[in-house]
Amino acid sequence: MSDVVLVFNAGSSSLKFTVFQIGQNPAIQKLIKGRLEYDVDTFHFFASDQNDQLLDRATYPLSQKKPLEYLLDWLADHEQGQHNIVGVGHRIVHGGPDFLAPVQVTPEILRQLEALTPFAPLHQPQTLAPVHAIMAYRPNLLQIACFDTAFHRTMPEIARLLPLPRRYGEKGICRYGFHGLSYDFLTQRLHQIDPTLAKGRTVLAHLGSGASLCALKGGRSIETTMGFSALDGLMMGSRCGMIDPGVLLYMLREEKADWNTMVNTLYHQSGLLGVSGVSSDMRVLREHMGTEQDPTLQEHIQQAVALSAYRIVEEVGALAAIMGGLDGLVFTAGIGEHDALLRQDVCLALGWLGLKLDHKANENHASIISSPDSAIRVRVEPTHEELVICQNVLPFVQGTP
């Protein structure tokens, strides 16, 4: 029987999971990945092996089976019970001011993490839900919380401050930063393949449905585009990113917007979706750009795509100023890894910094897409948040946290 670590990455309508075998050679090996998707009254289960070959799929009414219990039972039965789960790792969005490293979840720790829900009211409950479910079903199973905010603990105090009355800072209202597990992986990866960028002045660009940038200097995060919440910074799929607070005051006074309206507008109706009027998915917008017959809609789609690139360029410039220059730029996540046109738009706009794009390499999604004579090296690297979570679980399994 092999020892495995189960890793969860929770979203709003799905729960991704990965099973890693530990204690072999290599020390960590991915065995299974899958997801649970939720409808109103049903859930759908999908599992694939390390080669992306489908192992199983199933659909059950929520009234008949509980999704997490189904998954744990499935793992126990898979391959005649050859997998012994020795630990579970969770991506937790917000660690607040106190949780700066992975921690074993106890009932008291769970209560403290729940108390951070006002800091991330949409994301925190989602990421804590599987913790609750496993604690109820397998109370003795080791669970480790890993925080998206922890990577940015190295940001200087001046970068954390918000220009508000001091009483807010005393309540923990400050800039935290997110996507830390992704940035942790990229930093490790750069140390392996490009130590110069790992130790230099590099902007890491996590561009997916959620998006942010991180200024990496000397291997440490010194600034990032997301702040107090995952709503800040870049324009995203359906989130607005940075916005003049006066717009929010307008919504409150002129439109009599309540909390739910504000949340739906800023989190679910803005970004690419809001500007284009078509979709929050960049892939869908790219398809419509070549086929859309309505000239007004075509213009809106083009503006949405252009605004996304514009905001990235704007924030890269700001981070370069903070670092005193720029040595490297690394694209990752769904859009960053796969959208060559967006990378092209961003890189061409940064030509004034001495960045020279290798167009063929970019079109082929090569690892390095800058020209040899470029002053800034540009890389495209897949991220692997789940692997970082598993790495963080291992010391607790081995008794050396």
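In what follows, the accompanying structure is described. (Residues numbered from 1 in each chain as written. Predicted model: local features only at pLDDT ≥ 70, side-chain atom pairs only at ≥ 80, totals over all residues. Heavy atoms only, no water.)

**What to know about helix α2 (residues 107-114)**
- Of the residues making up α2, those classed as buried are Ile109, Leu110 and Leu113. Across the axial projection of α2, the buried residues extend over an arc of 100°, all falling on one side.
- On its buried face, α2 is in contact with β7 (103-104), α3 (124-137) and β8 (143-147). (Buried < 20%, exposed > 50% of the residue type's maximum accessible area, 1.4 Å probe, protein only. Helix = DSSP H or I, 4+ residues; strand = E, 2+ residues; numbered from the N terminus. Arc of directions from axis to C-beta. Contact = heavy atoms within 4.5 Å.)

**Looking at a nonpolar patch on the surface**
- On the surface, Val275, Leu307 and Tyr310 cluster together to form a nonpolar patch covering roughly 270 Å² of accessible area.
- Examined against the element boundaries, Leu307 turns out to sit in helix α12 (residues 295-323).
- On the accessibility criterion, Leu307 (35% relative accessible area) is partly exposed. (Patch = residues over 30% accessible without salt bridge, like charges linked within 9 Å, V, L, I, M, F, W, Y side chains within 5 Å. Areas by Shrake-Rupley, 256 points an atom, 1.4 Å probe, with all protein chains shown as cover. Salt bridge = Lys/Arg side-chain N within 4 Å of Asp/Glu carboxyl O.)

**Regarding the sheet that holds strand β6 (residues 83-92)**
- Strand order in this open sheet of eight strands is β5-β4-β3-β2-β1-β6-β8-β7, and the pairing throughout is mixed. Only two strands of the sheet have a single partner each, and these edge strands are β5 (54-61) and β7.
- In the sheet, β6 pairs with β8 via five bridges, with the strands oriented parallel. The residue bridging Ile92 from the neighbouring strand is Phe147, located in β8. (Pairing = 2+ DSSP bridges.)

**Focus on the pairing of strand β4 (residues 42-49)**
- A large share of β4 lies buried, amounting to eight of its eight residues.
- Of the two faces of β4, the one lined by Thr42, His44, Phe46 and Ser48 and the one lined by Phe43, Phe45, Ala47 and Asp49 are each fully buried.
- Bridge count for strand β3 (residues 28-38) against β4 is seven bridges, and the pairing is antiparallel. For Lys33, the partnering residue across the bridge sits in β4 and is Ser48.
- Adjacent in sequence and paired antiparallel, β3 and β4 are bridged by three residues.
- Pairing analysis gives seven bridges linking β4 to β5, with the strands arranged antiparallel. Paired with Ser48 across the two strands is Leu54, which belongs to β5.
- In textbook terms, the turn of a hairpin is the stretch between consecutive antiparallel strands, and for β4 and β5 this stretch comprises four residues, one of which, Asp52, has a positive phi near 65°.

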